[in-house]
Amino acid sequence: MIMLITLGTILIVGRFFSIATSHKARGVDLKTSVKQLYMSKTEIKAKRGTIYDAANQPIAEDTTSYSVYIVLSKSAVAYGKKLYLPDNKKDEAAKVLSENLPISYKRVRKILSANPKKYYQVELGTAGENISLETKKKIDSYKLSGINFTPKQARLYPNGYFSSHIVGLAESENNKLIGVMGIEKVYNKQLSGKDGVSTEATDSHGVRLPGSTQKKQAVQNGDNIYTTLDPKIQSTLETQLTTNQKKFNATSINAVVMDAKTGKVLAASQRPTFNSQTKKGLDQVWRNTLIEDSYEPGSTMKVLTVAAAINSGHYNPNEIFGTGSYSIDGQSIYDWNRSGWGYLTVSQGFARSSNVVMAHLEQKMGKKTWMNYIRKFGLLRPVGLGLGSETSGSINYKYPIDQANTAYGQGINVSVMQMMQAFSAIANDGKMVQPRIIDKIVDPNNGKIVFQSKTKVVGRPISAKTSKKVIDMMKGVVYDKDGLGHDYQIDGYKIAAKTGTAQIANPNGGGYMSGDANYTFSVVGIAPADKPRYIVYITVKQPKSFNNNNATENIAKIFKPVMKQVLDTNSSQDNQISKNIPNVIGEDTKNAKEKLASIGFNPAVIGNGNEIVEQSEKAGSVMVSGSKVLLLSNGQKTMPDLNGWSRSDITKLSKLTGIKVTFKGSGYAYYQSIAAGGELKNSDIIEIKLK
């Protein structure tokens with residue numbers, strides 16, 4: 001027995017000695033296993049990239065939203081402190097929650113009356129989800145125990161209605177933002193980035209073990225995307241579309257503004273649309289109708305028809321054609337004025353929007369030449385905007401009557417962006433440029449530009465000489481006494497335009513729909529007509545309430561303010577000069593303000609002190625003259641008059657002062673919850689209304 005016990009003891013001691021020296025048992029590395037046992041891994045969430053407008057202001061950015069839950073169980077006590085909502089506070093809690101969340105007092109009170117022995121905690125359903133930081137702070141300020149919040153990564157779309165179908169949406173799936181539409185979806189991989197990991201050894205209480213090392217796998221934040229969308233022009237477009245859609249009661253409206261020299265889309269939107277922040281209207285239409293829908297363009301197609309005829313040598317400025325009706329293979333083509341206007345030249349027929357004159361031009365060119373130009377202008381193939389699937393369009397081109405119909409925009413289906421691309425050749429000396437909305441993509445981790453878009457010439461369907469002749473014809477539409485586009489004149493600027501009216505194919509088959517409203521009305525405008533650069537194209541489908549039943553008068557209500565904004569912005573930019581911001585920190589307030597004003601900037605002083613302690617722009621940075629520069633003085637912070645301020649300037653104010661700001665609407669400030677001159681406190685949350 002003694003020998004057996006001694007042998008067993010030797011074996012056990014030997015085994016322990018072996019394990020202690022080798023740190024291995026049965027092939028398992030015990031040291032590694034222990035490390036893994038007490039190794040704590042923390043995932044570091046990557047920040048989703050921000051989408052910016054052309055003024056470098058965020059259109060879509062990461063934020064944190066919260067979900068509320070209320071602890072009812074009286075067992076929720078830690079270190080003598082109650083962590084539940086007491087019975088005598090439930091009325092107050094119901095009042096606070098109902099006033100700050102979209103839920104009634106009665107409903108909240110019923111939820112809070114749940115049996116605390118059965119339910120440890122309760123939630124408020126969808127009303128208690130996606131709560132903003134501002135709302136969370138308001139509820140927290142009442143210091144009611146038991147009301148808690150769970151943070152969640154969310155997406156903020158501060159402008160609401162702002163090219164919503166193009167910018168798109170990102171929604172939370174398994175606590176990760178995933179793009180489901182538009183830029184958010186197409187560029188989801190670039191925007192997402194890669195999560196990081198922090199690994200460290202801890203004891204059973206989660207305290208880091210002495211002498212242990214911490215390892216990190218660096219987080220890679222998502223790339224930032226800069227668009228070509230001009231915030232002023234886009235805001236004007238959204239306002240006009242919203243206002244007039246209510247008046248027109250149309251099935252749909254599409255509108256695009258583009259720089260024909262660069263292909264940059266300065267503004268684009270559609271109706272119906274949705275508010276990206278609230279998702280209101282999202283159920284009406286999911287697709288991007290600017291690239292996914294096709295339609296018969298009607299008389300705006302005549303711009304391309306005359307361009308093709310001139311460029312192919314089938315245009316004689318002195319040749320005249322009979323109007324009213326025209327028979328091809330026993331089938332008739334009619335003008336909108338079936339009596340006609342007698343005999344007209346091509347220019348006269350274009351100004352009056354004669355279908356018959358355009359049909360004559362197509363017959364002169366012949367089906368092969370005309371089809372060649374249709375393809376040269378980029379129709380019947382996707383534009384390649386890079387925002388998802390696009391329609392190629394279609395054409396009915398079998399018989400001579402079909403071929404003639406396409407000359408005035410019937411029997412051919414196009415997309416809005418296809419027409420924009422084709423029109424660029426008219427406005428750009430014959431060079432056709434591809435529309436683009438993505439300007440550049442930047443890696444925020446190192447500041448490098450990973451993609452930079454450039455002007456892409458995708459064809460030269462016509463000569464510069466031809467484009468000038470077409471522009472002259474389009475000017476006739478607006479300014480000739482018999483032109484149909486007088487409503488598109490804008491004081492101070494020369495406009496070239498062409499209107500359009502297209503029948504809508506019967507969805508049940510058998511020709512076209514009947515009735516005054518069953519048309520797609522449109523206009524394309526190019527300006528300045530003496531130096532063509534900008535294109536505005538608007539289509540209105542099936543308006544049920546056009547005032548006076550006059551399409552040009554009604555569409556001009558959208559066109560004129562938008563085009564004027566474009567031209568005013570261009571004129572303002574032409575007169576601006578880029579200059580360096582001086583350093584005025586430490587200078588007398590009056591002298592600092594005068595120094596900035598003397599070199600063309602627009603200074604605004606915050607506070608009533610006599611010395612500048614901070615400025616919104618870094619010294620040495622470059623800004624165009626006329627830009628607002630905010631100066632913080634050493635006195636009491638006071639509220640400036642924000643009337644007419646842009647969102648970006650108000651954001652600068654928020655960063656400079658630390659004051660929280662909430663926005664409603666888009667455009668420029670017209671309301672502020674704290675009056676000008678009022679005292680500013682760090683706890684303030686200022687409401688700003690824009691229009």
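Everything below is about the structure shown above.
I will try to describe carefully the structure that is included in this document. Here the structure is a predicted model, which is why all the values come from computation and not from measurement.

Definitions and limits used
Residues numbered from 1 in each chain as written. Predicted model: local features only at pLDDT ≥ 70, side-chain atom pairs only at ≥ 80, totals over all residues. Heavy atoms only, no water. Core = buried A, V, L, I, M, F, W, Y, C linked by side-chain atoms within 4.5 Å. Buried < 20%, exposed > 50% of the residue type's maximum accessible area, 1.4 Å probe, protein only. Helix = DSSP H or I, 4+ residues; strand = E, 2+ residues; numbered from the N terminus. Contact = heavy atoms within 4.5 Å. Pairing = 2+ DSSP bridges. Axes fitted to C-alpha atoms, helices over the stretch in contact; angles between N-to-C directions. Polar contact = N/O pair within 3.5 Å; in protein donor to acceptor, adjacent residues only side chain to side chain. Parallel < 35°, antiparallel > 145°, perpendicular 65-115°, else oblique. Left-handed = near helix turned anticlockwise from the far one by under 90°. Salt bridge = Lys/Arg side-chain N within 4 Å of Asp/Glu carboxyl O. Patch = residues over 30% accessible without salt bridge, like charges linked within 9 Å, V, L, I, M, F, W, Y side chains within 5 Å. Areas by Shrake-Rupley, 256 points an atom, 1.4 Å probe, with all protein chains shown as cover. Nonpolar A, V, L, I, M, F, W, Y, C, P; charged D, E, K, R; others polar. Phe/Tyr/Trp six-rings, centres within 6.5 Å; stacked < 30°, edge-to-face > 60°. Lys NZ or Arg CZ within 6 Å of the ring centre and 35° of its normal.

**What about the nonpolar core?**
With 90 residues, the main nonpolar core has Ile183, Phe377, Leu379, Met417, Ile426, Met474 and Ile535 as its most contacted residues. Among the elements that take part in this core, helix α16 (residues 416–427) stands out by supplying nine residues, more than any other. Ignoring sequence-local partners within four residues, the contact set of Leu379 consists of Met301, Leu304, Ile374, Ile412, Val414, Gln418 and Met419. Of all hydrophobic cores here, the second largest spans 32 residues; its members include Leu237, Ala250, Ala255 and Met563.

**Observations regarding the sheet that holds strand β31 (residues 602–606)**
The mixed open sheet is built from three strands, whose spatial order is β31-β34-β32. The two strands at the open ends of the sheet, each matched to only one other strand, are β31 and β32 (612–615). Strand-to-strand twist of the sheet, defined as the mean angle between neighbouring strand axes without regard to direction, takes the value 30 degrees. Pairing analysis gives five bridges linking β31 to strand β34 (residues 628–633), with the strands arranged parallel. Looking across to β34, one finds that Pro603 is bridged to Val629. Sitting on the sheet, helix α20 (residues 647–657) is in contact with β31, β32 and β34, with an inclination near 20 degrees to β34.

**Considering the environment of Asn550**
Locating Asn550 in the fold gives a position in the loop between β29 (534–541) and α18 (551–574). For Asn550, a relative accessible area of 27% corresponds to the partly exposed category. At a separation of 3.0 Å, a polar atom in the side chain of Asn550 contacts the main-chain amide nitrogen of Glu553.

**Some points on the side chain of Thr289**
In this fold, Thr289 is placed in helix α10 (residues 289–292). Take Thr289: its relative accessible area is 9%, and that puts it in the buried class. When residues no more than four places from it in sequence are discounted, the contact partners of Thr289 are Asn254 and Gln270.

**Considering the packing of helix α11 (residues 302–311) against α16**
Remark: α11 packs on α16, axes separated minimally by 10 Å, with the N-to-C direction vectors making an angle of 50 degrees. As summarised for this structure, α11 and α16 are arranged oblique, according to the angle between their axes. The chirality of how α11 crosses α16 is left-handed. Counting all contacts with α11, which are made through Val303, Leu304 and Ala307, the residues of α16 involved are Ala422, Phe423 and Ile426.

**So, the pattern of salt bridges**
Applying the stated rule across the entire model yields 23 salt bridges. The partner of Asp87 in a salt bridge is Lys90, and the shortest N-O contact between them spans 3.2 Å. Across the pair Lys95 and Glu99 runs a salt bridge whose closest N-O atoms are separated by 2.8 Å. Linking Lys95 with Glu99, this pair stays in helix α3 (residues 90–100), spanning four residues, or about one helical turn. Each of Arg48, Asp62, Arg155 and Glu184 takes part in one network of salt bridges that share partners.

**Notes on a nonpolar patch on the surface**
Residues Met1, Leu4 and Ile5 make up a contiguous nonpolar surface patch of roughly 390 Å² in combined accessible area. Residue class for Ile5 comes out exposed when judged on its relative accessible area of 53%.

**Considerations on the packing of α3 against helix α4 (residues 105–112)**
Here α3 crosses α4 at 135 degrees, and the two axes come no closer than 8 Å. Judged on the interaxial angle alone, α4 and α3 are oblique. Crossing of α3 over α4 shows right-handed handedness. Facing Lys90, Asp91, Ala93, Ala94, Lys95, Leu97 and Ser98 of α3, the residues of α4 in contact are Tyr105, Val108, Arg109 and Leu112. Residues belonging to the contact of α3 with α4 are distributed by class as follows: six nonpolar, one polar and four charged.

**Looking at the packing of aromatic side chains**
Per the counting criterion, the structure on display carries eight aromatic pairs. Here Tyr519 and Phe521 contribute two aromatic rings whose centre-to-centre distance is 5.9 Å and whose plane-to-plane angle is 45 degrees, an arrangement assigned as tilted. Pairing Phe521 with Phe546 gives two aromatic rings, centres 5.4 Å apart and planes at 50 degrees, and the pair type is tilted. Here Phe521, found in strand β28 (residues 519–527), pairs with Phe546, found in the loop between β29 and α18; they are 25 residues apart in sequence, far enough to count as distant. The pair formed by Phe521 and Phe546 is uniform in burial state, with each residue classed as buried. The rings of Phe248, Tyr519, Phe521 and Phe546 are connected pair by pair, giving a single aromatic cluster. Over the aromatic face of Tyr226 sits the side chain of Lys440, whose NZ or CZ is 4.9 Å from the ring centroid. Looking at Lys689, its charged tip hangs above the ring of Tyr671, at a distance of 4.8 Å from the centre.

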